[in-house]
Structure formats: C-alpha cells, structure tokens
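Structural overview
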Amino acid sequence: MRVAIIGTGYVGLTTGVCLAFTGHSVCCLDTNSSKICALKAGQIPIYEPNLSDLLEESRRNLEFTTDYAEAIPGAEVIFIAVGTPPTPSGAPNLEFLSQAARSIGQHIKSDFTVVVNKSTVPIGSGNWVGSLVREACELRPNGRHTQFAVASNPEFLREGSALHDSLYPDRIVIGADETRALEVLYSLYRPILDQTFSAPTYLPRPEPVVAVPLLSTDLASAELIKYAANAFLALKVSFINEMGLLAERVGADVTEVARGIGLDSRIGPRFLNAGLGWGGSCFGKDTSALVATAGEYGLHLPIVEAARKINGWQRDRVVEKLLHELKILKGRTIGLLGLAFKPNTDDLREAPAIEIAQKLIDRGVRVKAHDPIALERFQREHSRMGVNLCSSPCEMADGCDALVLVTEWSDYRELDWECVARKMRNPFILDGRHALDREKLTRAGMRYMSIS
Ligand code: UGA
C-alpha cells in the first residue's frame, strides 16, 4: 500500500520505517528541511537502537520529503504523527496537528483515503481533524467529492525499544466510525498482525508472539485508551514510589515489596521499579492532558492527580537525602550519572536529571554530569544551566562530594568503582534507580544509599 507519514519524530519515523520494512511504499514528510536532508543521507536525527539498520534495510520502500504535494496525492493511508507538546495550562498544543490536517485536505486525491491520528490527541480530535480536512478539501475545485475517513491508531511504543514494540506489539488498537477505514488499516497491518515478515537478525521475534490481537473500537474509545494506558503505567510507578516512602520509614525493602506484589499475575512485575519517578515526553504530558480534559467536563481525576504529585516529590527527595548526608549543600560538588530520561535514548524531555540539577544549582551546588549518549544533546539544549559535562564517569567523580545515579544505563553497573571512590572527595552515592549492587560498591569503598 502507499502510505504517507506526517512528522518524523520517534513515532512517525519508527512507524514509517516499520511499515516500509513490512513491504509498504512509505513517504515520510517533515516541515523541518534539515531533518529531511539528514534522513535522505541515511542519518537518523534521534538515538534509537537499530533504527538506522532497519532504515537501511527498508530503503527501497522509503522516501523523504518536505512537500505535501509529493507525499499526499495517491497515498491510501496518511498517518499524522506530529508533536502535541504541552501548553502551560496542561492541555496539548494542537497547532501542528491542525496544520497537518489542513495541508492534507489541500492535497488528497485518491478514491478513498484513510487519515490516521497516530499523535496522542485529546479525546474528540478525530472528529476535529475530519472537519479540518473536509474544510480544506472544499476550498479546492471538485474537492467536495473527495472521499476520506479519519481513524485513531494510538501508539504504544517506548523510546529505546521502539522497533521491538512496533514489530511485536502487545496489541494494535484501531478506532474508526467507518468499516471501510478499519478494513484498509487491517490490510496495512496484516504482516504485523499475522507476524508473516521475516524478523531482522538484530530484532528476533520473541517466543510467545504468534499473532497480535487487533482491537477495533469507535474513535473516542481509541483516543481514551491511549491516555488511560499511559496514566495507568504512570500510576503504577507512583504507587510503588509511595510504598517506597513508607518502606523507608518501617525498615522494609521496596524492591522486595515490588517483587512480592509483581508475582501476583493480577498486578504483574513490570513498571514497579521504584526510584526518581517517570520522565519523558509522554507520562507528564498525557496525565496533565487527561486532567485538563476531565476539567472541561467538570470532573476531577484524583488518582491521576495523586500520581503526578508523588512523581514530583521523588525529585525533592534527592535534595533532602543529599542535605541529610552532606549537611550543607552550598559550595559542594555533586555528579549526576545519567542525563537521558531513561536508558537507551538521548531524549531529555522532562528528564529527572534536569530538574534535579536545577534544584541543586539553586542551592549553590556545582553540578557535574555524565551520560553515555545524551551529552551532545544536553550541550545543545541546556548549555545555559552551567552543568559541567564530563566524558567519563571517573573524570566526573574527581572532587565530588556525592554522586547521584539518575539514569540506570547498564554501563554504570560495571563501572570501575574503586577508581570512582578514589577520585571523590567524599565517596558517597545515592542510587536513584535501585540499579546498583550495594555490596560491590561498599567493597569498592563507596558509601551507598538508595532513594528509599
Ligand atoms: C511511554 C509508554 O510506556 C509507551 O507505551 C507509550 O507509547 C509512550 O509513553 C508514548 O506515549 O509515546 P516512554 O515514555 O518511551 O513510553 O517510556 P517508558 O519506558 O514508559 O518510561 C517512562 C518513565 O517511567 C521513564 O522515566 C522511566 O524511567 C520511568 N519508569 C518506568 C520508572 O520509574 N519505573 C518503572 O518501573 C518503569
């Protein structure tokens, strides 16, 4: 099938590359010409494991453009995967979405096109996008006869494992009020639903995946499923962090508590890692959008609001613990291990490291930081903060009064901790992710404390 994808961020690019890999002819469009130039040259503007390999393998089915007139006419399916960043009120900014919808309306031509919302959009946006496309169509000669339908196809991929989640998803959700749209998307996803593609060597098919369930719903339900999924995951993390707070007071070990409850299959073991809490571009934005939507209907969502509040506290606890350990923070040097919001990405949006660094700087601390992948991006986006970026953890440890493990990159588990301890003025580490081996670090001469 011929597919157009508007927006080449994590979601758009991954979707485009995976659909091209499964045999469709895909044109990816972005209005940012430097991104498109880079992609044409085979360079990926984000860090995502194996994405450049899969792009290379799927090259013959992929095109990149900045021109709607090139991407849209003739496309049978058009995905909108543009950003919906949060506004100060918590509601998402829909400017890019409306621009994309209007531009689609100015250019669609084929007999029947399915316009798919892949961006996380407020409930009701499907209808709104439909009306914007329709309005733009009607301004064109004969545009009134253009046939299209809008569908919602929420994305559940995680940064850092985006390809795995796209090729081997737990489910595919399609919200459409027209059966014709559902049929088109069913054909599009068939290779993934039936798992008929041959798996790339670097992304082997996990054992239990034989077929992927397809859930077809109305538009509004599909839109709410996306928000509800992220809110529930965010809630799980905040729940275990709340238990961590209590565990610390009563002398219990929160990682054992997580294991103990996670073995109950009704609860499940994932998303129960206690620590600094969630960051990234999704949980914060989507939980605040959900609260804002509920507000428009005169409703409160106390559970979602509590999850957000607890997440904020986790960052404050770092400062409290460092204050307790060092007594005075002013004039101290503290090193952050990890800047990215989680391992295997260079994404810094709502990264706990940024909030923690700022809180420490505000208290007169000299902050140093290391990250295996995100240093360059941090330098580009946050150089004004005045964080001293170091190219190795040992270099960073030099003269530090404390370290904080912020992002649990696997490299940090295997550090030369003796070297780190020798270089520090005060060999103390606060493990913000319950990721390090307390005994190993203690043997190396470090004093170890975890976040709870
Ligand atoms: C999240 C969802 O997991 C995806 O399903 C969804 O598609 C995506 O948002 C989106 O809306 O686009 P992502 O933000 O990439 O994906 O990252 P996650 O792996 O979910 O992690 C989110 C945050 O939670 C990270 O900061 C992570 O460190 C934190 N986390 C996660 C914990 O603190 N504890 C855990 O047990 C799990």
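Everything below is about the structure printed above this text.
The text that follows walks through the structure, step by step, so that each part is easy to find. Each chain carries its own residue numbering, running from 1 in the direction its sequence is written. Local features are withheld for residues below a pLDDT of 70 in this predicted model, meaning they are given only at 70 or higher, and side-chain atom pairs are given and counted only at 80 or more; totals for whole chains, interfaces and linings count all residues. Processing note: side-chain calculations cover all non-hydrogen atoms of the structure and skip hydrogens and water entirely.

**Points about helix 12 (residues 302–326)**
Taking 1.5 Å of rise per residue, the 25 residues of helix 12 would be expected to cover 36 Å, and the 36 Å separating its terminal C-alpha atoms lies within 8% of that figure. When accessible area is computed with a 1.4 Å probe and restricted to protein chains, residues below 20% of their type maximum are described as buried, those above 50% as exposed, and intermediate ones as partly exposed. Helix and strand assignments follow DSSP, with helices taken as H or I runs no shorter than four residues and strands as E runs no shorter than two, numbered in order from the N terminus. For helix 12, the set of buried residues is V304, A307, I310, N311, Q314, R315, R317, V318, V319, K321, L322 and L326. Positive backbone phi, approximately 65°, marks K327, located one or two places after helix 12. By this rule, a helix spans an expected 1.5 Å times one less than how many residues it contains.

**Details of the state of the cysteines**
Disulfides are defined in this document as cysteine sulfur pairs within 2.5 Å. For the structure on display, the rule yields 1 disulfide. The disulfide that involves C394 links it to C419, with 2.0 Å between the sulfurs. Taken together, the positions of C394 in helix 15 (residues 393–397) and C419 in helix 16 (residues 417–423) put the pair 25 residues apart, joining distant regions of the chain. Judged by its relative accessible area of 13%, C419 falls in the buried class. Residue C18 stays outside any disulfide, its sulfur separated by 11 Å from that of C28, the closest cysteine. Here C18 falls in the buried class, since its relative accessible area comes to 3%.

**Remarks on the pairing of strand 13 (residues 428–431)**
What you see with strand 13 is no split at all: F428 and L430 on one side and I429 and D431 on the other are buried throughout. With 3 bridges connecting them, strand 12 (residues 402–405) and strand 13 associate as parallel partners. Each bridged residue has a counterpart across the sheet, and for V404 the counterpart in strand 13 is L430. Orient the strands so they point away from the viewer; a crossover is then right-handed if the path from the first strand over the helix to the second runs clockwise. You can see the chain leave strand 12, run along helix 16 and come back into strand 13, and the turn it takes is right-handed. Two strands pair under a simple rule: DSSP has to find at least two bridges between them. Where strand 13 and strand 14 (residues 447–450) come together, 4 bridges link them in parallel fashion. Within strand 14, the position partnered with F428 by the bridge is R447. Crossover handedness for the path strand 13 to helix 17 (residues 438–443) to strand 14: right-handed.

**Concerning the site of the ligand**
Contacts to the ligand come from 21 residues, most closely from F156, L157, E159, K226 and N230. L272 places a main-chain nitrogen or oxygen 3.2 Å from an oxygen atom of the ligand. Think of a polar contact as two N or O atoms within 3.5 Å of one another; within protein, one of them needs to be a possible hydrogen donor and the other a possible acceptor, and neighboring residues in sequence only count if both atoms come from side chains. Here an oxygen atom of the ligand and a backbone polar atom of F341 are 3.3 Å apart. Here the ligand has 710 Å² of accessible area as a free molecule, and 92% of this is covered by the chains. At the level of elements, helix 9 (219–250) and helix 11 (283–296) are the ones that each hand at least two residues to the shell around the ligand. Here the shell around the ligand takes 4 residues from helix 9, the largest share from any one element. Polarity classes work like this: nonpolar for Ala, Val, Leu, Ile, Met, Phe, Trp, Tyr, Cys and Pro, charged for Asp, Glu, Lys and Arg, and polar for all others, with Gly in that last group. In terms of residue class, the shell around the ligand is built from 10 nonpolar, 4 polar and 7 charged. Any residue with a non-hydrogen atom lying within 4 Å of a molecule or strand is treated as near it. In this description, accessible areas are obtained by the Shrake-Rupley approach with a 1.4 Å probe, and a residue is regarded as covered only by the protein chains that are shown.

**Some thoughts on the side chain of E155**
Tracing the chain through its elements places E155 in the loop between strand 6 (148–152) and helix 7 (162–167). One polar contact links E155 to K118, side chain to side chain, over a distance of 3.0 Å. Once you skip the residues sitting within four places of it in the chain, E155 turns out to touch V11, T15, K118, S166 and K226. Every residue pair with non-hydrogen atoms within 4.5 Å of one another is taken to be in contact.

**A short note on the packing of helix 5 (residues 95–107) against helix 6 (residues 125–138)**
Axis definition: a line fitted to C-alpha atoms, limited for helices to the stretch in contact. Angles are taken between N-to-C directions and run from 0 to 180 degrees. Between helix 5 and helix 6, the shortest axis-to-axis distance is 7 Å and the interhelical angle comes to 40°. What the angle tells us is that helix 5 and helix 6 run oblique. Crossing of helix 5 over helix 6 shows right-handed handedness. Touching L97, S98, A101, R102, I104, G105 and Q106 of helix 5 are S125, W128, V129, L132, V133, A136 and C137, all from helix 6. Across the contact of helix 5 with helix 6, the residue classes tally to 9 nonpolar, 4 polar and 1 charged. An angle below 35 degrees is read as roughly parallel, one above 145 as roughly antiparallel, one from 65 to 115 as roughly perpendicular, and any other as oblique. Handedness of a helix crossing follows the sense of rotation of the near helix relative to the far helix, less than a right angle counterclockwise being left-handed and clockwise being right-handed.

**Thoughts on the environment of V406**
Along the chain, V406 falls in the loop between strand 12 and helix 16. Taking C-alpha positions, V406 is 17 Å from L323, a pair spaced 83 residues apart along the chain. Residues contacting V406, with those up to four places away along its chain left out, are L276, L336, L337, G338, P352, A353 and R433.

**Things to note about the sheet that holds strand 1 (residues 2–6)**
By way of backbone hydrogen bonds, the strands of a sheet pair with one another, either parallel or antiparallel. Taking strand neighbours across the sheet as the criterion, the 8 strands line up as 3-2-1-4-5-6-7-8 in an open arrangement whose pairing is mixed. Lying at the two open borders of the sheet, with one neighbouring strand each, are strand 3 (62–65) and strand 8 (214–217). Ignoring strand direction, the axes of neighbouring strands in this sheet form an average angle of 25°. Its contacts with the sheet put helix 5 on strand 1, strand 4 (77–80) and strand 5 (113–117), and the angle it makes with strand 4 is roughly 160°. Here helix 8 (residues 179–193) sits on the sheet in contact with strand 1, strand 4, strand 5, strand 6, strand 7 (172–176) and strand 8, set at roughly 170° to strand 7.

**Re the packing of aromatic side chains**
Between rings of Phe, Tyr and Trp, where Trp is taken as its six-membered ring, a pair exists when centres lie within 6.5 Å; planes separated by under 30 degrees are stacked, by over 60 edge-to-face, and by other angles tilted. The final tally for this structure, using the stated rule, is 4 aromatic pairs. Between F271 and F283, the aromatic rings sit 6.2 Å apart at their centres with planes inclined by 55°, giving tilted as the arrangement. Here the residue F271 occupies a position in the loop between helix 10 (254–262) and helix 11, and F283 occupies one in helix 11, the gap between them amounting to 12 residues. Looking at F283, the relative accessible area reads 11%, which means it is buried. Clustering of aromatic rings is evident, with ring pairs tying together F21, Y168 and F197. In this scheme, the term charge over a ring applies when either NZ of a lysine or CZ of an arginine sits within 6 Å of the ring centre and within 35 degrees of the ring normal. The aromatic ring of F112 is capped on one face by R180, whose charged end is 3.8 Å from the ring centroid. Here the basic side chain of R205 rests over the ring of F197, its NZ or CZ set 4.7 Å away from the ring centre.

What is shown is where atoms sit, not what they do.
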